[in-house]
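# Results of the structural survey
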Amino acid sequence: MKFFVDTADVPAIAELNDLGMVDGVTTNPSLIKKSGRDILEVTKEICDLVEGPVSAEVTATDADTMIAEGRKLAKIAGNIAVKVPLTWDGLKACKVLTEEGNMVNVTLCFSANQALLAAKAGATFISPFIGRLDDINLDGLDLIADIRTIYDNYGYETEILAASIRTVNHISDCAKIGADVITAPPAVIKSMVSHPLTDKGLDAFLADIKAAKISIL
Ligand code: E4P
C-alpha cells in the first residue's frame, strides 16, 4: 500500500520522506491556507522534494476554468496530480485533463456511485473521505470496501486513495480492505509506531542493560 502525506507542511513532508515513508503528497485549499504559503510556490517545493504524485487542487467550479487551472498546475512539475471535485464539471475536467496525459485525483467522494463515475471519466485516483463519513455516523470503511469490489468487478485501473484518515486503525483497516493508497496527516502516520507494550518492553530491557552493565560500543 502506498503512503501519501496529507499536508502542505514542507519540513513535515521532508522528515517522512527521508525515512522512505512518502510515496506522494495530497494538498487541498484548507491545507494551503494552513501553510500560509502561495499555492504555486509551495506546490513546486513539494514536487521538487518528493518523487511520487503531488495532488494540487483547482479553485474553480466550472469545467473550462478547472481545465485551465489544471493545465497551469500540471506545468509546475511532471509529478503533479490535478485534484478536481466530484461534480459533473469536475468529471468533465477529469476527462479532458486525463486525455491530455495528466494525472487526475477526483476528490470529495462520498458514495460508490460517485467513484464509479470517476473511474469512467478516467481518474488516476479517487479520494473517498473516510473521516467525514464517520463524522456523520456513517461508516467510511464500508465505502472503501464497496469501491474496491466495484473496481475489481470491472477491472477499473483508478486507484483508491483513502482520504480524511483520522486514526491509525483507519490505515490498517484500509490495508486489509485493499485500498491502493492512504493519505494521512504526518502525525497520524508517525503514531503508527506507538504501542504501549513496546514502551513497556523497552523500559524493562533498559533496566536490565543498566543493572547488568551491558555495553556494546
Ligand atoms: C484528501 O485529499 C484531503 O485533503 C483530506 O484527506 C481531507 O481530510 P479531512 O477530512 O481531515 O480534512
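Residues numbered from 1 in each chain as written. Predicted model: local features only at pLDDT ≥ 70, side-chain atom pairs only at ≥ 80, totals over all residues.

The name recorded for the protein chain in an unreviewed UniProt entry is Probable transaldolase, from Primorskyibacter flagellatus. Quoted verbatim from the Function (unreviewed entry) field of the UniProt record, the comment on the protein chain reads "Transaldolase is important for the balance of metabolites in the pentose-phosphate pathway." (UniProt positions renumbered as here; feature names shortened; annotations may be inferred.)

Below, the discussion takes up the overall build of the protein chain. Secondary structure assignment for the protein chain yields eleven helices and eight strands. By its C-alpha atoms, the protein chain is 70 × 40 × 30 Å across when sized along the principal axes. Per-residue burial for the protein chain yields a buried fraction of 35% across its 217 residues. For the protein chain, restricting intrachain contacts to residue pairs at least 6 apart in sequence, the fraction spanning at least 24 positions comes to 55%. (Helix = DSSP H or I, 4+ residues; strand = E, 2+ residues; numbered from the N terminus. Buried ≥ 20, exposed ≤ 12 C-beta atoms within 10 Å, placed from the backbone. Contact = placed C-beta atoms within 7 Å.)

Here the focus is unusual backbone geometry. Note: most peptide bonds trans; most residues except glycine with negative phi. Its identity as a non-glycine residue notwithstanding, Ser164 has a phi of 55°, on the positive side. Mapping Ser164 onto the fold places it in the loop between β7 (159-162) and α9 (168-177).

Moving on: the UniProt feature "active site" (unreviewed entry) in the protein chain. Per the UniProt record, the feature "active site" (unreviewed entry) sits at Lys83. Along the polypeptide, Lys83 turns up in strand β4 (residues 80-85). Dropping the residues within four chain positions of it, Lys83 is found in contact with Ser55, Ala56, Glu57, Val58, Asn105 and Thr107.

We now examine the pairing of β7. Where a strand is regular, its side chains alternate between the two sheet faces. As paired elements, strand β6 (residues 125-128) and β7 share two bridges and run parallel to each other. If you follow Ile126 over to β7, its bridge partner there is Ile160. Where β7 meets strand β8 (residues 181-184), two bridges bridge the pair, whose relative direction is parallel. Bridge pairing in β8 links Leu161 to Val181. (Pairing = 2+ DSSP bridges.)

In the region of the ligand, the neighbouring residues are Asp6, Thr26, Asn28, Thr107, Ser127, Phe129, Gly131, Arg132, Ala163, Ser164 and Thr183. Classifying every residue of the shell around the ligand by side-chain character gives two nonpolar, seven polar and two charged. (Near = placed C-beta within 6 Å. Nonpolar A, V, L, I, M, F, W, Y, C, P; charged D, E, K, R; others polar.)

Turning next to the packing of helix α4 (residues 63-74) against helix α5 (residues 88-99). When two helices pack together, their arrangement is given by the angle between the helix axes and the distance between those axes. One way to put it is that α4 packs onto α5 with a least axis distance of 8 Å and a crossing angle of 40°. Looking at the two axes, α4 sits oblique to α5. Crossing of α4 over α5 shows right-handed handedness. For the pair formed by α4 and α5, the contact residues are Ala63, Met66, Ile67 and Gly70 on the first element and Asp89, Gly90, Lys92, Ala93, Val96 and Leu97 on the second. Of the residues belonging to the contact of α4 with α5, the class tally is six nonpolar, two polar and two charged. (Axes fitted to C-alpha atoms, helices over the stretch in contact; angles between N-to-C directions. Parallel < 35°, antiparallel > 145°, perpendicular 65-115°, else oblique. Left-handed = near helix turned anticlockwise from the far one by under 90°.)

Around the barrel, eight strands lie side by side as β1-β2-β3-β4-β5-β6-β7-β8; this closed barrel has parallel pairing. On average, each strand axis in the sheet is inclined to that of its neighbour by 30°, with strand direction left out of account. Alignment of β4 against strand β5 (residues 103-109), held across five bridges, turns out to be parallel. Its bridge partner lying in β5, Lys83 is registered against Asn105. Packed onto the sheet, α4 meets β3 (54-57) and β4 and runs at close to 160° relative to β4.

Mapped onto the elements of the fold, Met21 is located in the loop between α1 (10-18) and β2 (24-26). Separated by 19 residues in the primary sequence, Met21 and Lys2 place their C-alpha atoms 8.7 Å from one another. Once residues lying within four places of it in the same chain are set aside, the contact partners of Met21 are Phe3, Leu16 and Ile189.

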